[in-house]
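# Structure at a glance
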Amino acid sequence: MEDFPHVDLSEIECGVHTIPNGALRRGPYPPLRFGRRLHITGDGLWQTHPVFSAAGPLIIHLMQEDAFKFGRPVDLHGRRMSNTVDIGLVKKWIKLCQENHGDKCRNVWRMDRNLPEFVRVVDVVSMAVIPAPSGCRYVALSYVWGGNGAEYWTTKDNIVKRSMPGGLNVATLPDTITDSISFVRQLSERYIWIDALCITQDDSRDKVSQLHAMDLVYGLSYFTLIAAGGKTARDPLPGCRPRTRTPQIHIEVVQGLHLFVALPTQEKALAQSAWITRCWTYQESALSCRRIYFTEQQVYFECRCQVFCEVIVAESKAALSSSFLRYPRGEYFPSSTDSFESYKSAVERCTRCNLTVESDIVDALTGVTNALVAAFGLGDPARAFQYGMMLTELHRTLLWQHDPHTPRTRRSLAEGCHSSWPSWAWATWRGAVIYMSRGVYGQTRVANYSSEASVDETLIDAWYIVDHSGGIVLLDVRRVSRVYWIEEEQPPYSSPGGILDPTEMPLDIHRPLKPGTLIFRTTSSHFNITRRGGESNEESSPTDQYGLFNILSTMHFPPTWVGTVILPLDPVPPTSIEFIVLSRCDSVDGLYDQESLQRYRGCLLHVMAVSEFDGLMERVGLGVIHIVAWVASTPEEKVVFLR
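Residues numbered from 1 in each chain as written. Predicted model: local features only at pLDDT ≥ 70, side-chain atom pairs only at ≥ 80, totals over all residues. Heavy atoms only, no water.

## Describing the pattern of salt bridges
Going by this rule: By definition, a salt bridge exists where a carboxyl oxygen of Asp or Glu is found within 4 Å of a side-chain nitrogen of Lys or Arg. Only DSSP runs of H or I with at least four residues qualify as helices, and only runs of E with at least two residues qualify as strands; both kinds are numbered from the N terminus onward. Only protein chains enter the area calculation, which uses a 1.4 Å probe; residues under 20% of their type maximum are buried, those over 50% are exposed, and those in between are partly exposed.
Scanning all chains against the criterion turns up 26 salt bridges. R120 is the partner of D206 in a salt bridge, and the nearest nitrogen-oxygen pair spans 3.1 Å. Separated by 86 residues along the polypeptide, D206 in helix α6 (residues 204–211) and R120 in strand β4 (residues 120–123) bring together distant segments of the chain. Residue D206 shares its accessibility class with R120, and that shared class is buried.

## A closer look at the state of the cysteines
Here is the rule: The criterion for a disulfide is a pair of cysteine sulfur atoms lying within 2.5 Å.
With the rule as written, the count across this model stands at zero disulfides. Distance from the sulfur of C105, which forms no disulfide, to the nearest cysteine sulfur (C97) is 3.7 Å. The class for C105 is buried, based on a relative accessible area of 3%.

## Considering empty space enclosed by the protein
Keep this limit in mind: Using only the protein atoms, space was sampled on a 1 Å grid; points where a 1.4 Å probe fits but cannot get out form cavities, open sets with protein on both sides within 12 Å along at least five of seven lines form pockets, and lining residues are those with an atom within 4 Å of a point. Grid points are joined across faces, edges and corners, and a volume is the space filled by probe spheres set on the points. Amino acids outside the nonpolar list (Ala, Val, Leu, Ile, Met, Phe, Trp, Tyr, Cys, Pro) and the charged list (Asp, Glu, Lys, Arg) are all regarded as polar, and Gly is one of them.
Across all of its chains, the model carries five cavities of 30 Å³ or more by this definition. In this structure, the largest cavity occupies an estimated 60 Å³ of space. As for the largest cavity, its lining consists of Y143, V144, T176, A227, G229, G230, T232, A233, D235, P236, L237 and P238. Looking at the lining of the largest cavity, its residues break down into seven nonpolar, four polar and one charged. Roughly 50 Å³ of internal volume is contained in the second largest cavity. Its residues placed into classes, the lining of the second largest cavity shows five nonpolar, three polar and two charged.

## Thoughts on the nonpolar core
For clarity, the threshold we go by: Joining through side-chain atoms within 4.5 Å is the link that ties buried Ala, Val, Leu, Ile, Met, Phe, Trp, Tyr and Cys residues into a set, and such a set is a nonpolar core.
Ranked by size, the top nonpolar core spans 178 residues in total, and within it F183, W426 and F579 carry the most contacts. Counting residues per element, this core draws most heavily on helix α2 (residues 87–100), at seven residues. Formed by eight residues, the second largest nonpolar core is a distinct cluster that contains Y464, V466, L513 and I519.

## Some details on helix α10 (residues 339–350)
Applicable threshold: The span you would expect from a helix comes to 1.5 Å times its residue count less one. Here a residue-residue contact requires only that any non-hydrogen atoms of the pair lie within 4.5 Å. Contacts described as polar in this section are N or O atom pairs within 3.5 Å, which, within protein, must combine one atom able to donate a hydrogen with one able to accept it, while residues neighboring in sequence count only if both atoms come from side chains.
With twelve residues, α10 should reach 16 Å at 1.5 Å per residue; the first-to-last C-alpha distance of 17 Å fits that figure. Most of α10 sits inside the fold, with nine of its twelve residues counted as buried. Buried within α10 are the following residues: S339, F340, S342, Y343, K344, A346, V347, E348 and C350. Tucked inside the fold, the buried residues of α10 contact α9 (280–286), α11 (366–376), β14 (385–386), β15 (389–390), α13 (394–397) and β17 (433–435). Looking at where α10 begins, the residue whose side-chain oxygen comes 2.8 Å from the main-chain nitrogen of F340 is D338.

## Description of the sheet that holds strand β7 (residues 191–193)
Note the following rule: Two strands make a pair as long as DSSP finds a minimum of two bridges between them. Structural elements are reduced to axes, namely lines fitted to C-alpha atoms, with helices fitted over the stretch in contact, and the angle between N-to-C directions of any two is expressed from 0 to 180 degrees.
Taking strand neighbours across the sheet as the criterion, the eight strands line up as β5-β4-β7-β6-β8-β11-β12-β13 in an open arrangement whose pairing is mixed. Pairing within the sheet leaves two strands with one partner each, and these edge strands are β5 (128–131) and β13 (307–309). The sheet shows a mean angle of 30° between the axes of neighbouring strands, direction not considered. Examined bridge by bridge, strand β12 (residues 299–303) and β13 share three bridges and lie antiparallel to one another. Among the inter-strand pairings, E302 is bridged to a residue of β13, identified as V307. Seen against the sheet, α2 touches β8 (223–227), β11 (290–294), β12 and β13 and runs at an angle of roughly 5° to β12.

## A closer look at α11
Burial runs high along α11: eight of the eleven residues are buried. Those residues of α11 not exposed but buried are T366, G367, V368, T369, N370, A371, L372 and V373. The inward-facing, buried residues of α11 abut α6, α7 (214–219), α9, α10, α12 (381–384) and β14. Once α11 ends, the next one or two residues include G377, with phi positive near 60°.

## Observations concerning the pairing of β11
Where burial is concerned, most of β11 is hidden: five out of the five residues are buried. Burial of the side chains of β11 extends over both faces: R290, I292 and F294 are buried on one face and R291 and Y293 on the other. Bridge count between β8 and β11: four bridges; the pairing is parallel. The residue bridging A227 from the neighbouring strand is F294, located in β11.

## Thoughts on the side chain of R120
R120 sits in the buried class, given a relative accessible area of 17%. Among the polar contacts listed, one links the side chain of R120 to the backbone oxygen of C198, at a separation of 2.9 Å. Side-chain polar atoms of R120 contact the side chain of D206, separated by 3.1 Å. Beyond its immediate sequence surroundings of up to four residues, R120 is in contact with V129, I130, P131, A132, I159, W193, C198, I199, T200, D206 and Q210.

## Focus: the packing of aromatic side chains
Just so we agree on the cut-off: Two rings from Phe, Tyr or Trp (for Trp, the six-membered ring) form a pair when their centres are within 6.5 Å of each other. A pair whose planes differ by under 30 degrees is stacked, one over 60 is edge-to-face, and the rest are tilted.
Considering all chains together, one arrives at 16 aromatic pairs under this definition. Between the aromatic rings of Y387 and W421, the centroid separation amounts to 6.4 Å while the plane-to-plane angle is 65°, which identifies the pairing as edge-to-face. Here the residue Y387 occupies a position in the loop between β14 and β15, and W421 occupies one in the loop between β16 (400–402) and β17, the gap between them amounting to 34 residues. Assigned by exposure class, Y387 and W421 land together as buried. The interplanar angle of 25° and the centroid separation of 5.8 Å between the aromatic rings of F527 and W630 together place this pair among those described as stacked. Here F527 is found in strand β21 (residues 518–531), whereas its partner W630 is found in helix α14 (residues 627–632), with 103 residues between them in sequence. The two residues F527 and W630 agree in class, both being buried.

Laid out in structure tokens, this is it:
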């Protein structure tokens, strides 16, 4: 409050209540097993200034030295911290996890794997960059570069010198890296993987090889050291050495009790960091079985079972506890037993983050996609994923939507990229990506929240893609078929089946197809569209870049509302659009005229709005149409070449 003397507190009313801390110990419920903390809310306080709103309620803890006064153990009470992190405490955290959590905190694959021979590590004893010894225990570093680091990168010119004992000159390295090396030494560990030092930055072949091993580099690490306390590699690790942080714990004695105001939770501390805004850091964290976060406030330890920190006594041998520190927690990968749900979560998270080089979006997810392949047995990573798209679940992967506030603009591709990325891949477009259920089509404006993108039946028998050599490859796409008794569907929708004949594949013998072109057989039809709520939709926002449009059948007068599509608002869409069928799904209210079209299970088609030029189609938007209306439109069977 001292920082905001102008804020009027005269009308503020505060409320105080207690909330449980949880417990570290199992067993019967003794009267005082659960510690408690004070939770102070201010009616009107959080609206007086954005800082108060972001901070949330004030939480006050009892220090551990006073726990005995209430007959309680010191569990989940406050602990004093100094201006440097207690290395013994960090070692204790790691040991508790290693000795008590077993397979729960093993790597993402739950099996023994080794680093590839081409992966290097920094030997912090000999101060050299060396090939990773077979089966070695090492730490991985996750941090923010914050700009060009050519003066300290490993390059073709210095790789030989750096591979010799003493060849790595600490004086040339930025603080984040020197502190990380020092921290690893203090923990009595020997090896650390640091991208700027272990990848030859001006060797494109080495970079490609290393980037495709990120799932192993982070997934097999003993723990990942996360530098979330700075904005660039030149910032120190707060608390790693003297004068790199000022303890922010504030203790007051009230009626003989030592009380302190809680520091931000791990979630809030990370939310304030530059580290969490970077796309590359998502997989570095999500694939790691243990993480040690250096933040501006304190150091946190997190594994798949527990969360510890410097200022709360939370250490326990139990694999699970009800400690309040455990909720909420960071994301681990895979996040679901469903491979697509894990993929969807990663895509939505990464596309909201920042990239210095925007064409890095696919590379920044390669560790995640490789881990998916290994964890779910998806075969060859190059066949399972292309352009960031999960091809084994293509019927669901195609159902992505743009964030409604992001203009429809293609990403700039790296120099030397001779072919544009395809329109059907989310990675082609700038901005956040969202997978949404069909319920989004029942709104008055496009929502920006994630939900399940479900498919009840795949309607395309065979998918093909043009590979980078120009060859046409049959994709291995999982099929979905939920049996319905559809008596209401007269006549029923009949999807064109069968494998495509080779003579149907080429679009034009004189015009080779570009890599990334999808080829498949489906049905196509044209429908009129109109903006939901009219062009001056009162519920729309000036920031909206996409809108909901009603799909209209003109077979009768007045036209019948038969479906809904999401389209970009700029440029203004034409009044008639071509649609192609992707799959079948179930219905919800508000997607079509239910007085004219009967609702029954599986009565909708996922359709893609497309534009066509010279035989090639491009994705424009995505929607749903009632099957009866589609069949009545006398659709045309087509071999689609989707770019």
